[in-house]
Amino acid sequence: MLWLLLLFCGLTLAQDDSSPAETSSCSPACELMKEFGAIKEKVNALETRLSDAETRLDDSEKKTRELENREHYQVIFTTATGGGGARIGPFETATPLIYRTVITNIGNGYNETTGVFTAPVAGVYYFSFSYHAGGAHGTRLALLKNSETIVMSGDQKSTADKTDNGGNTAFLLLQPGDRVFVRLAENTQVWGSDYHTTFSGCLVTQM
C-alpha cells in the first residue's frame, strides 16, 4: 500500500511540474503521505516507550524476587560440646572447640566436624557462647571472626569454687565465607555438656 501511495504521489508531482504556480503546494496524496509518516513516527515512539516500560517492569520483578528470596533465607544454629560432664582440655596450644551435639542447624552454616560456622550470605549475625568450668585449671574462651578475636570470657582456677558458668555475645557483620568459631586458650579447660557449654548463632539482617 505504501509503495502505491509513493508512486501516485510521484506521478502527481511529475504532472504538476508544468505548472509553476502549483509546485509550491502538495497534492492530496502527498498530504496523506505526510500524515501517514507522522502516524508511523508516533507508532514507533510508542513501541519504543512500551519496550522500555517492559524492560523496567522485568527489572522491578527481578528485584522483587531477590528481596523475597532474601526475606525467606534463614540461618539459625545451636550446638553443645556434649561429653556428659567430661573435661575438655587443657591443651598445649589454643584449640577451636568442637560442638558435636547439634540441636538446630537451619541453613547448614555450622560444621560439626570442625566446630566452625561459615556465613552463607552477607548480613548481620548474632552469636553467643556459654561454658561450665572450674577447678585446677582456669578457663578462657574467645569468639573469633576468621583470625580476629571479637569477644572473650574466662574464669580463674580455684580449689574452693569449682563450678562456674560464663559466656559472651556479639553482633557481627559478615560476608559470604567468613568463619566464626570459639577457641579455648592454651592450658585452660571447660566441662563438656549438652546443657552448659554451648555455641549459638543466627542471621539477624541480610545485607
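Basis of the calculations
Position labels on residues start from 1 in each chain and follow its written sequence. Where totals are concerned, whole chains, interfaces and linings use all residues; where local detail is concerned, this predicted model gives features only for residues with pLDDT of at least 70, and gives and counts side-chain atom pairs only at 80 or more. Heavy atoms from the whole structure form the basis of all side-chain values; hydrogens and water molecules are not counted. A run of H or I in DSSP counts as a helix once it spans at least four residues, and a run of E counts as a strand once it spans at least two, with each numbered from the N terminus. Per-residue accessibility, obtained with a 1.4 Å probe over protein chains only, is compared with the maximum for each type, and a residue is labelled buried under 20%, exposed over 50%, and partly exposed between these values. In short, Shrake-Rupley with a 1.4 Å probe defines the accessible areas, and a residue's cover is counted only from the protein chains shown. Only when DSSP finds a minimum of two bridges between them are two strands counted as paired. Between the N-to-C directions of two axes lies an angle of 0 to 180 degrees, each axis being a line fitted to C-alpha atoms and, for a helix, fitted only over the stretch in contact.

Undergrad: Even after reading the chapter, I still don't get the overall build of the chain, so can you show me in this structure?
TA: A tally of regular secondary structure across the chain gives two helices and 13 strands. Residues counted as buried form 31% of the 207 residues belonging to the chain. Total accessible area computed for the chain in this model is approximately 12,800 Å², and 54% of it derives from carbon and sulfur atoms.

Undergrad: Mind showing me how you'd approach the sheet that holds strand β7 (residues 123–133) here?
TA: Pairing between the strands of a sheet is mediated by backbone hydrogen bonds and can be parallel or antiparallel. Read across the sheet, five strands follow the order β4-β1-β13-β7-β10 without closing on themselves; strand pairing throughout is antiparallel. Looking along the sheet, the strands with just one partner apiece sit at the ends: β4 (101–106) and β10 (164–174). When the angles between neighbouring strand axes are averaged without regard to direction, this sheet yields 10°.

Undergrad: Got a minute to help me understand the pairing of strand β11 (residues 179–184) in this structure?
TA: Residues in a regular strand project their side chains so that they alternate between the two faces of the sheet. Pairing of strand β3 (residues 95–96) with β11, which is carried by two bridges, proceeds in the antiparallel orientation. From the neighbouring strand, T95 faces β11, where its bridge partner is L184. Of the strand pairs in this sheet, strand β6 (residues 116–118) and β11 are connected by two bridges, and their pairing is antiparallel. Counted as the bridge partner of T118 is R179 from β11. Relative to β11, strand β8 (residues 139–145) runs antiparallel, the two sharing five bridges. Opposite L144, over in β11, you have F181 as the bridge partner.

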